[in-house]
Amino acid sequence: MPTQPLTQHSFDTAISNHAIVLVDFWASWCGWCTRFAPIFADSAAAHPEILHATVDTEAEPAITAAAQVSSLPTLLGFREGVLVYSNPGFQTAAQLEEVVQQIRWLDMDEVRRELGGQGPSGAPAQPAPAGPEPARAGLAPGRADYGWPGLGGR
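Residues numbered from 1 in each chain as written. Predicted model: local features only at pLDDT ≥ 70, side-chain atom pairs only at ≥ 80, totals over all residues. Heavy atoms only, no water.

## Here we look at the environment of proline 2
And step 1. For proline 2, the position within the fold is in the segment before β1 (4-5).
And step 2. Sequence separation between proline 2 and aspartate 42 is 40 residues; the distance between their C-alpha atoms is 8.7 Å. (Helix = DSSP H or I, 4+ residues; strand = E, 2+ residues; numbered from the N terminus.)

## Some remarks on unusual backbone geometry
Outside of glycine, negative phi angles account for most residues, and trans bonds account for most peptide bonds.
And step 1. Here the residue pair leucine 72 and proline 73 is connected by a cis peptide bond, since its omega of -10 degrees sits within 30 degrees of zero.
And step 2. When you line up the elements, proline 73 lands in the loop between α3 (61-66) and β4 (74-79).
And step 3. Phi is positive for glutamine 68, close to 55 degrees, though the residue is something other than glycine.
And step 4. Considering the arrangement of structural elements, one finds glutamine 68 in the loop between α3 and β4.
And step 5. Glutamine 68 sits in the exposed class, given a relative accessible area of 62%.
And step 6. Unlike most non-glycine residues, glutamate 80 shows phi in positive territory, near 50 degrees.
And step 7. With respect to the secondary-structure elements, glutamate 80 resides in the loop between β4 and β5 (82-88). (Buried < 20%, exposed > 50% of the residue type's maximum accessible area, 1.4 Å probe, protein only.)

## Looking at the state of the cysteines
And step 1. Scanning the model with the defined rule gives 1 disulfide in all.
And step 2. Covalent S-S linkage joins cysteine 30 and cysteine 33, the inter-sulfur distance amounting to 2.4 Å. Measuring handedness by torsion sign, the sulfur bridge of cysteine 30 and cysteine 33 sits at about 80 degrees and is right-handed. Each member of the pair, cysteine 30 together with cysteine 33, is buried. (Disulfide = S-S within 2.5 Å.)

Take a look at the structure:
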């Protein structure tokens, strides 16, 4: 499945209508964004069950501001309407595949407990915590007990 561009009008619907959504925030002037685009497109082809969406930050400043994107590229991951991953910066194909697998195998009951019961029908989830390592698919920094055994955290 090809990547899908999102606008201010389609963003919320896309997040709520798909079980897993990855959103790549990019700009045409961003060299790392142009390097990441084919990796993201390959992931979209490999995982048609996951919506791989893009946001042109120059054309959609309201979404960019609402997502608190301050550097490019930035990748956000949503599962069942909950923001579970946020990472600014370039990712290799292997890193992106690890993110896909971590999001796929998340224990969403545990994620909701950590978020205080927030979910797709509740209040919006808070962005994943920032720190020296990128926020990883619902993983608190230093925690590796979510996801599929064998993928492990950092």
